[in-house]
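# An overview of the molecular structure
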Amino acid sequence: MTRPLAGGVDLLPLTDPAAPLAWLRGDRGAVGIGEALRLTFHGPTRFRDAAEAWRLISEAATVDDPVHMPGSGLVAFGAFAFASSSATASTLIVPSTIVARHRDLWWVTRVTDLSTDQHPADSAADHVSAADLPQATAAGFWPGVAFADLREQAAPSVSAYLAGVREADDRIARGELEKIVIARQVRGSLDADADLRTPIGRLADRYLDCWTYAVDGLIGASPETLVRSTGGSVSARVLAGTRGRHPEDAAHDARARTDLLTSSKEQHEHSFAVQSVVTALAPHVTSLRTSEEPFALELPNVWHLATDLGANLGEAGSSLSLVDALHPTAAVAGTPTAGAIAAIDALEPFDRGRYSGAVGWIDQAGDGEWAIALRCAQLGEADPATGTREIIASAGGGIVAGSDPAGELRETVSKFRPVTEAFAR
Ligand SMILES: C=C(O[C@H]1C=CC=C(C(=O)O)[C@@H]1O)C(=O)O
């Protein structure tokens with residue numbers, strides 16, 4: 001049951017400090033409170049299985065939704081693993097309560113199992129007020145996380161990364177592949193009782209052109225829209241090609257931007273990513289159009305080469321079936337796709353988990369917004385004795401002919417910044 005919420009409310013203080021569910025961007029977003037349903041998926045059919053499970057759930061649900069906005073009514077938040085072989089579960093979570101905002105419009109959705117639960121007491125009301133919402137709580141304990149191995153060249157994770165980049169360079173020089181995205185991880189630990197809304201709030205306040213998300217312990221702020229599908233209109237933002245920002249030195253920063261826009265290596269790297277999205281999306285849409293030239297997207301930590309795509313949905317597919325068609329793009333895997341996935345498997349000494357997978361939400365109509373899970377960290381299970389949780393952040397970059405391992409390493413440090421700064425003390 002969805003009802004408009006009279007008056008506004010700050011979303012983040014409503015969600016659980018230890019298990020937050022959030023999807024935020026500027027004056028739009030949603031938070032979840034409690035879990036009504038959790039579905040998990042594994043393997044190569046994880047997206048297709050999730051799309052089908054969600055279609056069946058949506059068909060069977062009774063939805064009372066006078067708000068009629070994308071994201072009102074029944075909604076699931078999702079986080080999907082990058083690799084078909086990943087041990088990490090891909091998950092869809094339907095919160096018990098969702099509080100959402102689209103500019104000046106707020107609404108509340110309550111999800112109940114009508115076979116066992118009562119109708120919500122306020123179902124006859126035509127709106128709810130902030131007093132009817134779950135209790136917002138003030139920001140709590142934030143001890144901070146210090147991630148290890150961030151830039152020490154001698155650290156084992158750094159030398160493994162550099163060896164992977166060199167091998168990727170060699171494979172590209174031998175003509176086996178054109179582009180491979182190689183990533184690395186840094187680790188930290190988080191004390192029990194930490195209030196995760198602190199780093200989420202910092203990400204949302206700082207990364208205004210990004211999707212700030214928290215789903216099942218995956219927390220980040222991604223600038224890359226894998227696909228957005230609402231009311232028959234489809235869009236995506238493809239990113240590949242990066243330069244670190246130098247906000248303390250305007251001339252240096254402007255040079256970095258120009259250098260990015262005029263580098264044939266970066267343009268080449270970018271074109272693989274755009275091509276992969278166009279090829280995967282084309283069979284499912286009509287009137288596919290792209291911004292004419294890549295533009296420089298300015299984020300607090302980096303410049304990216306960016307291309308925006310728009311199209312009309314050409315079939316009765318959901319946003320999750322489009323994710324199934326698109327993942328993995330060459331922004332996170334490489335070109336050609338199958339060879340790049342095999343190379344990542346061979347050259348990265350870890351399971352990526354949900355990093356560079358898909359994170360977002362889907363509603364009853366199948367509309368949804370899905371970002372590539374970048375600039376993120378994944379929390380592990382709490383240690384039963386201490387309550388401490390391991391946290392792993394990941395970042396990578398596209399390797400093409402002419403990539404320099406030291407430069408790629410510097411780029412990962414810039415890409416870690418959103419997470420390392422948001423999780424700092
Ligand atoms: C793989 C990542 O970024 C991708 C998105 C934008 C730019 C990228 C690049 O320049 O390499 C990557 O393709 C990451 O942030 O971990």
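Position numbers for residues count from 1 along each chain, tracking the sequence in the order it is written. Only residues with pLDDT of at least 70 are given local features in this predicted model, and only at 80 or more are side-chain atom pairs given and counted; all residues enter the totals for whole chains, interfaces and linings.

For clarity, the cut-off: UniProt positions are given in the numbering used here, feature names are shortened, and annotations may be inferred rather than shown by experiment.
Under an unreviewed UniProt entry, the name given to the protein is isochorismate synthase, and the source organism is Leucobacter exalbidus. As stated in UniProt under Sequence similarities (unreviewed entry), the record for the protein gives "Belongs to the isochorismate synthase family." Its UniProt record gives the protein a comment under Catalytic activity (unreviewed entry), which states: "chorismate = isochorismate".

## Quick notes on the UniProt feature "domain: Chorismate-utilising enzyme C-terminal" (unreviewed entry) in the protein
The test is simple: Starting at the N terminus, helices and strands are each numbered in turn, a helix being any DSSP run of H or I of at least four residues and a strand any DSSP run of E of at least two.
Following the UniProt record, one finds the feature "domain: Chorismate-utilising enzyme C-terminal" (unreviewed entry) at residues 160-415. For residues 160-415, the helix share is 33%, the strand share is 36%, and the end-to-end C-alpha distance is 18 Å.

## Some remarks on the nonpolar core
Heads up, the rule is: To define a nonpolar core, we join buried Ala, Val, Leu, Ile, Met, Phe, Trp, Tyr and Cys residues through C-beta atoms within 7 Å and take the resulting set. Here a residue counts as buried when 20 or more other C-beta atoms fall within 10 Å of its C-beta, as exposed when 12 or fewer do, and as partly exposed in between; the C-beta atoms come from the backbone. A residue pair is marked as a contact if its C-beta atoms, positioned from the backbone, fall within 7 Å.
Counting residues in each nonpolar core, the largest one holds 119 residues, and the members touching the most others are Val238 and Ala373. Per element, the largest residue contribution to this core is 7 residues, and it comes from strand E15 (residues 302-313). Ignoring anything within four residues of it in the chain, the contact list for Val238 reads Ala273, Val274, Val277, Ala306, Thr307, Leu309 and Ala331.

## Examining the site of the ligand
Heads up, the rule is: Being near a molecule or strand means, for a residue, that its C-beta atom, positioned from the backbone, comes within 6 Å of it. Three categories are distinguished: nonpolar for Ala, Val, Leu, Ile, Met, Phe, Trp, Tyr, Cys and Pro, charged for Asp, Glu, Lys and Arg, and polar for the others, with Gly belonging to the last.
In the vicinity of the ligand lie 18 residues, with Leu239, Thr242, Ala331, Gly397 and Gly398 positioned nearest. Listing elements by their share of the shell around the ligand, those giving two or more residues are strand E8 (179-190), strand E12 (233-244) and strand E20 (389-399). Here the residues of the shell around the ligand sort into 8 nonpolar, 7 polar and 3 charged.

## So, the environment of Asp132
Mapped onto the fold, Asp132 is located in the loop between strand E7 (128-129) and helix H2 (156-173). Looking at Asp132, the number of C-beta atoms within 10 Å reads 16, which means it is partly exposed. Sequence spacing of Asp132 and Leu5 is 127 residues, and the spatial spacing of their C-alpha atoms is 9.4 Å.

## Quick notes on H2
To keep it simple, the criterion reads: Expected helix span is computed as 1.5 Å times (number of residues minus one). What the arc covers is the set of directions going from the helix axis to the C-beta atoms.
Here H2 contains 18 residues, and its C-alpha end-to-end distance of 26 Å stays within 8% of the 26 Å for a straight helix at 1.5 Å per residue. Of the positions making up H2, those classed as buried are Tyr161, Gly164, Val165, Ala168, Asp169, Arg171 and Ile172. The buried residues of H2 occupy an angular sector of 165° when the element is viewed end-on, so they sit on one face. Projecting away from the buried face of H2 at angles above 90 degrees are the exposed residues Pro156, Ser159, Asp170 and Ala173. Looking at the packing, one finds that the buried side of H2 touches E8, helix H7 (337-347), E20 and helix H8 (405-422).

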